[in-house]
Amino acid sequence: MPVLYYMEIEMEKIKIGKIVNAVGLKGEVKVYNYSNRPEAYERAEAIYMEDKLLTVQNVRLQKNMVILKLSGIDDRNGAEAAKGKELFITEADLPALPEGQFYVRDLIGMTVKEQDGAPLGKVTDVLQNTAQDIFEVEQENGKKFLLPKVDEFVINIDVQEREIEVKLPAGLLDL
């Protein structure tokens, strides 16, 4: 199954990272990237730092960190003052995903149904700290179950209908 990409949504802006440190003397900042798609920074002409829109002047990668030069942050003192601030882009700046890949934010709230059409619940989270992604599904009775996002169990994801068709492993709901 394809990899899912996590970006947390807040209002109409999408949270993509957090400034964690200053870099050098010319106002560059080190960003902890919340996604595994650093090209979101390269595509964006401007980024929101909290509620302030700043022009992206330069983007470079340093190991798994993004280094940004943003308008209005012109020296180390300005970069130090930006530490801890969240960074956001608009939906228009989101990179397009390849066929069959989805943003987690688009999967949250989807109805999970068995192959025969029987509803099982709604996706409340996608856990990504394991070998494969895992859907957390909340049933109507409030009980939750975890479903690995593997081809054997997840038959189809229909973004238009906001439904995920699954074939549950035997005994999963009995746990």
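See above for the structure.
Residues numbered from 1 in each chain as written. Predicted model: local features only at pLDDT ≥ 70, side-chain atom pairs only at ≥ 80, totals over all residues. Heavy atoms only, no water.

**Looking at the overall build of the chain**
No. 1: Along the chain, the regular secondary structure elements total three helices and 13 strands.
No. 2: Once the C-alpha set of the chain is aligned to its principal axes, its extents read approximately 60 × 30 × 25 Å.
No. 3: When burial is assessed residue by residue, the chain has 42% of its 175 residues classed as buried.
No. 4: On the chain, the mean spot of the 22 positive side-chain charges and the mean spot of the 31 negative ones are 9 Å from each other. (Helix = DSSP H or I, 4+ residues; strand = E, 2+ residues; numbered from the N terminus. Buried < 20%, exposed > 50% of the residue type's maximum accessible area, 1.4 Å probe, protein only. Lys, Arg positive; Asp, Glu negative; His and termini not counted. Charge placed at Lys NZ, Arg CZ, Asp CG, Glu CD.)

**Comments concerning the pairing of strand β6 (residues 65-70)**
Along any regular strand the residues' side chains alternate between the sheet's two faces.
No. 1: Extensive coverage of β6 is indicated by the burial of six of its six residues.
No. 2: Alignment of strand β3 (residues 28-33) against β6, held across four bridges, turns out to be antiparallel. Along β6, the bridge assignment pairs V29 with L68.
No. 3: By the bridge criterion, six bridges tie strand β5 (residues 52-62) to β6 in an arrangement that is antiparallel. Its bridge partner being in β6, Q62 is matched across the sheet by M65.
No. 4: In this structure, the hairpin formed by β5 and β6 is closed by a connection of two residues, where K63 is found at a positive phi of approximately 55°. (Pairing = 2+ DSSP bridges.)

**Here's the deal with unusual backbone geometry**
No. 1: Within the chain, E50 stands out as a residue other than glycine whose phi angle is a positive 60°.
No. 2: Relative to the helices and strands, E50 resides in the loop between β4 (46-49) and β5.
No. 3: For E50, a relative accessible area of 34% gives the class partly exposed.
No. 4: Phi at R162 is positive, roughly 55°, even though this residue is not glycine.
No. 5: Within the secondary structure, R162 sits in the loop between β12 (154-158) and β13 (163-166).

**Observations concerning the pairing of β5**
No. 1: Inspection of the sheet shows β4 paired to β5 by four bridges, in the antiparallel sense. Among the inter-strand pairings, A46 is bridged to a residue of β5, identified as T55.
No. 2: Counting the residues in the hairpin turn of β4 and β5 gives two residues, including E50, whose phi is positive at 60°.

**So, the side chain of K13**
No. 1: Structurally, the position occupied by K13 is in strand β2 (residues 13-23).
No. 2: Polar contacts involving the side chain of K13 include one to the main-chain carbonyl oxygen of E50, which spans 3.0 Å.
No. 3: Of note is the side chain of K13, whose polar atom sits 2.8 Å from the side chain of D51.
No. 4: Apart from residues no more than four positions distant in its own chain, K13 is found in contact with Y48, E50, D51, F88 and I89. (Polar contact = N/O pair within 3.5 Å; in protein donor to acceptor, adjacent residues only side chain to side chain. Contact = heavy atoms within 4.5 Å.)

**With respect to the sheet that holds strand β10 (residues 134-138)**
No. 1: An order of β11-β10-β9-β8-β13-β12 is seen for the six strands of this open sheet, with the pairing classed as mixed. Two strands in the sheet have a free side with no partner beyond their single neighbour: β11 (144-148) and β12. Neighbouring strand axes in the sheet, compared pairwise and without regard to direction, differ in orientation by 35° on average.
No. 2: Sheet analysis places strand β8 (residues 111-114) next to β13, joined by four bridges and oriented parallel. (Axes fitted to C-alpha atoms, helices over the stretch in contact; angles between N-to-C directions.)

By themselves these figures say nothing about function.
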